[in-house]
Amino acid sequence: MLRLTDLKLPLDHGEAALTAAILGRLDIDAAALTGYTVARRGYDARKRGAITLIYALDIDTPREAELLRRFAGDPHVQPTPDTSYHFVTKAPPRLEHRPLVVGFGPCGLFAGLILAQMGFRPIILDRGKEVRERTRDTWDLWRKRQLHPESNVQFGEGGAGTFSDGKLHSQIRDPQHHGRKVLTEFVKAGAPEEILYVSKPHIGTFRLVTMVENMRATIESLGGEIRFSQRVDDLLIDTDAAGERHVRGVTLASGEQLRADQVVMALGHSARDTFEMLHARDVYLEAKPFSIGFRIEHPQSVIDRARFGPQAGHPILGAADYKLVHHGKGNQGGRGRSVYSFCMCPGGTVVAATSEPGRVVTNGMSQYSRNERNANAAVVVGIEPADFAPFDASGSPLAGIALQRALESRAYVLGGENYSAPAQRVGDFLAGRASREFGDVQPSYQPGVTLGSLDSALPDYAIAAIREALPTFERQIRGYAMHDAILTGVETRTSSPVRITRDDSLQSLNTRGLYPAGEGAGYAGGILSAAVDGIKVAEAVALSITGSLVPT
Ligand code: FAD
């Protein structure tokens, strides 16, 4: 197969136009085109009203060799790359201890799946419940203001990404095409086929729930075991004669101990008690930067119009997304801060995402159709370990958690101490006055919002940075700083506040056999990158058990 990239066609082209474009670009006649498949389809919306689709196509032609010679040096006519996944090894007939995977989010799920597919029969533990029960528990917070601290948006089968927009794009370097393996497994589990080729794939919450169940069944059919409501509360560690620490298993909240020489820690960014346990056990951790801010909501039609102009509403384009960044001037005291949009959810809702009682945290989700009336995204300010000191001056690697907890508790109080979130209209926020009533935009956050001033919800430098950024975003998306747009707070769990640092073998810097992985360990951000990290860690675990590469 030959891959032809960067083929541009108008948004409303037909099948014949695509065929004609291929024939013209390769300068061949119809008889030389046996067939083609779309490898990727994106769009260029920079010229509103004249949006183009950009294709990468895999071309089946008997003249492949000749064409590759003729177009040698043309970066857009190349052999189709081999993106198929190859297992690095396979399990020995007898395993002394089965590997343990802690966490069944995207990272643990893929670590478990790959280990199971190689024959290692992993045991996977998650503190939360299976996904259907978990869905009911999560709705209890959204509808009845009842939080289940072990079964919520953050904890349980499928991990943090289950109630989400299910966006699957990522900026990670992926020379081994692990992302392709992730997407292929998602399609096998029930995701729409288009995620294999559209440039910004998404799945939506409803389908994710069923997919996660299907993937659990696959792992179990391969001899893996998944145990829910099993929180890991401690690690078994011993030290050898050379002074090297080795993990030997885990202790569960029930007191049960499970022996293992390989433990994957795919905890997610909200397992604060588990980070505390790791720190108490002297596992090497360090504080890392993350971001804090608010969710912003606009009518989706405002975003569609600003991004797509007269072509807004076209079925191929769907609900418009955006990505914005502003590098602050620093004229509000101190250095300039970067403010950026994050986790944008077109046609979605803002959700209550706390896992701790007495705290309020926002996030966003949507269904596959993305047809809710509002667009939402986090608008966040980058912060660094030096910013954590006012909340925990001890220099502990966990200081970022102290900052998160303080802001989430303050948001709870500002919201009325009943899991409502504090909110403010953008116009009022920019003018520095409290909001008293809604305008044209109704917030989607459940169980509700309390209008007022958000000025005390974040440190002053973050409020100043967001105030500076919103008018500059207005210049890129007309209507962005509209008076009635709603800010809801607080967004504090944008990524992990700690890194469980690992070495080249993907093991903890100071504890052999412990494999920190995914978002909680600071090695991923988002569903796709967490899943890819799970694959990498599964390969490292498998190789450490077999000691050899046995490509299959
Ligand atoms: P997690 O998914 O957080 O999974 C960690 C798992 O570990 C959890 O199930 C937890 O219960 C379990 N666990 C924790 N501690 C223990 C313990 N001590 N013992 C046993 N189990 C434990 N990303 C995107 O790419 N696209 C999106 O559209 C998107 N939308 C999101 C919407 C929401 C509402 C949220 C909350 C997140 C969203 N994200 C999105 C982020 C994405 O979900 C995460 O990046 C991703 O889930 C991280 O995967 P992970 O496996 O590393 O961790």
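Computed from a predicted model, the values in this text were never measured in an experiment.

**Quick notes on the overall build of the protein chain**
Along the backbone of the protein chain there are 12 helices and 23 strands. Relative to its length of 552 residues, the protein chain is compact, with a C-alpha radius of gyration of 25 Å against a globular reference of 24 Å. Based on the C-alpha atoms only, the size of the protein chain along its principal axes is roughly 70 × 65 × 45 Å. Classification of the 552 residues of the protein chain by burial places 57% in the buried group. Long-range pairs, those at least 24 residues apart, make up 72% of the contacts in the protein chain with a sequence separation of at least 6. Taken as a whole, the protein chain presents about 22100 Å² of accessible surface, with 50% of it coming from carbon and sulfur. Positive and negative charge centroids in the protein chain, built from 62 and 63 side chains respectively, lie 2 Å apart.

**Quick notes on the sheet that holds strand β15 (residues 338-345)**
With mixed pairing, 7 strands are arranged side by side in an open sheet as β14-β15-β18-β13-β21-β19-β20. If you trace the sheet from one side to the other, it starts and ends with β14 (325-327) and β20 (449-451), each paired once. Averaged over all pairs of adjacent strands, the angle between their axes in this sheet comes to 30 degrees, without regard to strand direction. Of the pairings in the sheet, the one linking β15 to strand β18 (residues 374-383) comprises 5 bridges and is antiparallel in character. Across the sheet, residue Y340 finds its bridge partner in β18, namely V380.

**Description of helix α12 (residues 527-546)**
Between its first and last C-alpha atoms α12 spans 29 Å; for 20 residues at 1.5 Å apiece the expected length is 28 Å, and the two agree. With 15 of 20 residues buried, α12 lies mostly within the body of the structure. One or two steps after α12, the chain reaches G547, where phi turns positive at roughly 70 degrees.

**Section: the domain arrangement of the protein chain**
Domain boundaries in the protein chain define domain 1 (2-79), domain 2 (100-286 + 498-546) and domain 3 (289-491). Taking the mean C-alpha position of each, domain 2 and domain 3 sit 27 Å from one another. Taken together, the 31 residues of domain 2 in the interface contact 33 residues of domain 3. Summed over both sides, the interface of domain 2 with domain 3 buries roughly 2800 Å², with 54% coming from carbon and sulfur. When residues of domain 2 are sorted by the area they lose upon contact with domain 3, W142, R145 and R272 head the list and together hold 29% of the total. Seen at the junction of domain 2 and domain 3, the total is 5 salt bridges. Residues R272 and E356 are paired through a salt bridge, measuring 2.7 Å at the closest nitrogen-oxygen approach. Scanning the region where domain 2 abuts domain 3 turns up 19 residue pairs in polar contact (both at pLDDT 80 or more). Broken down by secondary-structure element, the contributors of at least two residues to the side of domain 2 that touches domain 3 are α4 (131-144), α6 (205-221) and α7 (272-280).

**Details of the sheet that holds strand β9 (residues 245-252)**
Strand order in the open sheet made by the 3 strands is β8-β9-β10, with antiparallel pairing throughout. A single partner strand is all that each edge strand has here, and the edge strands are β8 (232-239) and β10 (257-259). Sheet twist, expressed as the mean angle between neighbouring strand axes with direction ignored, is 30 degrees.

**Examining the nonpolar core**
As a rule of thumb, nonpolar side chains are buried together in soluble globular proteins. Of all hydrophobic cores here, the largest spans 82 residues; its most connected members are L26, F294, Y322, L458, I466, L470 and Y480. No other element matches the 7 residues that helix α11 (residues 460-476) contributes to this core. If we skip the residues at most four places from it in the chain, Y480 touches I296, H298, Y322, L324, V379, L470, F473, E474 and A485. F104, L113, F120 and V541 belong to the second largest nonpolar core, which has 51 residues in total.

**Some details on the pairing of strand β21 (residues 486-491)**
In terms of burial, β21 is largely enclosed, as 6 of its 6 residues are buried. Where strand β19 (residues 421-425) meets β21, 3 bridges bridge the pair, whose relative direction is antiparallel. Along β21, the bridge assignment pairs A423 with T488.

**Remarks on the site of the ligand**
Surveying the vicinity of the ligand reveals 38 residues, the closest of which are C107, D126, A160, E519 and I527. Taking C107, its main chain carries an N or O atom lying 2.8 Å from an oxygen atom of the ligand. Contact between the ligand and I527: an oxygen atom at 2.7 Å from a main-chain N or O atom of the residue. Here the ligand, which alone exposes 1000 Å², has 96% of that area covered by the protein. Those elements giving two or more residues to the shell around the ligand turn out to be α3 (106-117), β17 (362-365) and α12. Residue classes in the shell around the ligand are distributed as 17 nonpolar, 15 polar and 6 charged.

**Details of empty space enclosed by the protein**
One simple way to see leftover space: roll a probe sized like a water molecule over the atoms. Considering all chains together, one arrives at 1 cavity of 30 Å³ or more under this definition. Here the largest cavity defines a volume of roughly 90 Å³. Along its surface, the largest cavity is lined by P106, L109, G158, G161, T162, F186, L208, M211, V212, M215 and I527. Each residue belonging to the lining of the largest cavity can be placed in one class, and the counts come to 8 nonpolar, 3 polar and no charged.

**A closer look at the packing of α3 against helix α5 (residues 178-188)**
It is the contact of α3 with α5, at a shortest axis distance of 12 Å, that shows an interaxial angle of 85 degrees. In terms of axis orientation, α3 runs roughly perpendicular to α5. In contact with F110, L113, I114 and Q117 of α3, α5 contributes K181, V182, E185 and F186. Grouping the amino acids of the contact of α3 with α5 by side-chain chemistry returns 5 nonpolar, 1 polar and 2 charged.

**With respect to unusual backbone geometry**
Between Q446 and the following residue, P447, the backbone shows a cis peptide bond with an omega angle of 15 degrees. Tracing the sequence through the fold places P447 in the loop between α10 (426-431) and β20. Backbone torsion omega between G489 and V490 reads 5 degrees, so that peptide bond is classified as cis. Note that V490 resides in strand β21. Despite not being glycine, D27 has its phi angle at roughly 55 degrees, a positive value. Secondary-structure assignment places D27 in the loop between α1 (15-26) and β2 (35-44). Its identity as a non-glycine residue notwithstanding, D282 has a phi of 65 degrees, on the positive side. By the element assignment, D282 lies in the loop between α7 and β12 (286-287).

The rules behind the values
- Residues numbered from 1 in each chain as written.
- Predicted model: local features only at pLDDT ≥ 70, side-chain atom pairs only at ≥ 80, totals over all residues.
- Heavy atoms only, no water.
- Helix = DSSP H or I, 4+ residues; strand = E, 2+ residues; numbered from the N terminus.
- Rg over C-alpha atoms; globule rule 2.2 N^0.38 Å.
- Buried < 20%, exposed > 50% of the residue type's maximum accessible area, 1.4 Å probe, protein only.
- Contact = heavy atoms within 4.5 Å.
- Areas by Shrake-Rupley, 256 points an atom, 1.4 Å probe, with all protein chains shown as cover.
- Lys, Arg positive; Asp, Glu negative; His and termini not counted.
- Charge placed at Lys NZ, Arg CZ, Asp CG, Glu CD.
- Pairing = 2+ DSSP bridges.
- Axes fitted to C-alpha atoms, helices over the stretch in contact; angles between N-to-C directions.
- Expected span 1.5 Å × (residues − 1).
- Domains from an automatic or database assignment.
- Buried area = accessible area lost by both parts, 1.4 Å probe.
- Salt bridge = Lys/Arg side-chain N within 4 Å of Asp/Glu carboxyl O.
- Polar contact = N/O pair within 3.5 Å; in protein donor to acceptor, adjacent residues only side chain to side chain.
- Core = buried A, V, L, I, M, F, W, Y, C linked by side-chain atoms within 4.5 Å.
- Near = heavy atom within 4 Å.
- Nonpolar A, V, L, I, M, F, W, Y, C, P; charged D, E, K, R; others polar.
- 1 Å grid on protein atoms, 1.4 Å probe; cavity = no way out; pocket = protein on both sides within 12 Å on 5 of 7 lines; lining within 4 Å.
- Points joined across faces, edges and corners; volume = space filled by probe spheres on them.
- Parallel < 35°, antiparallel > 145°, perpendicular 65-115°, else oblique.

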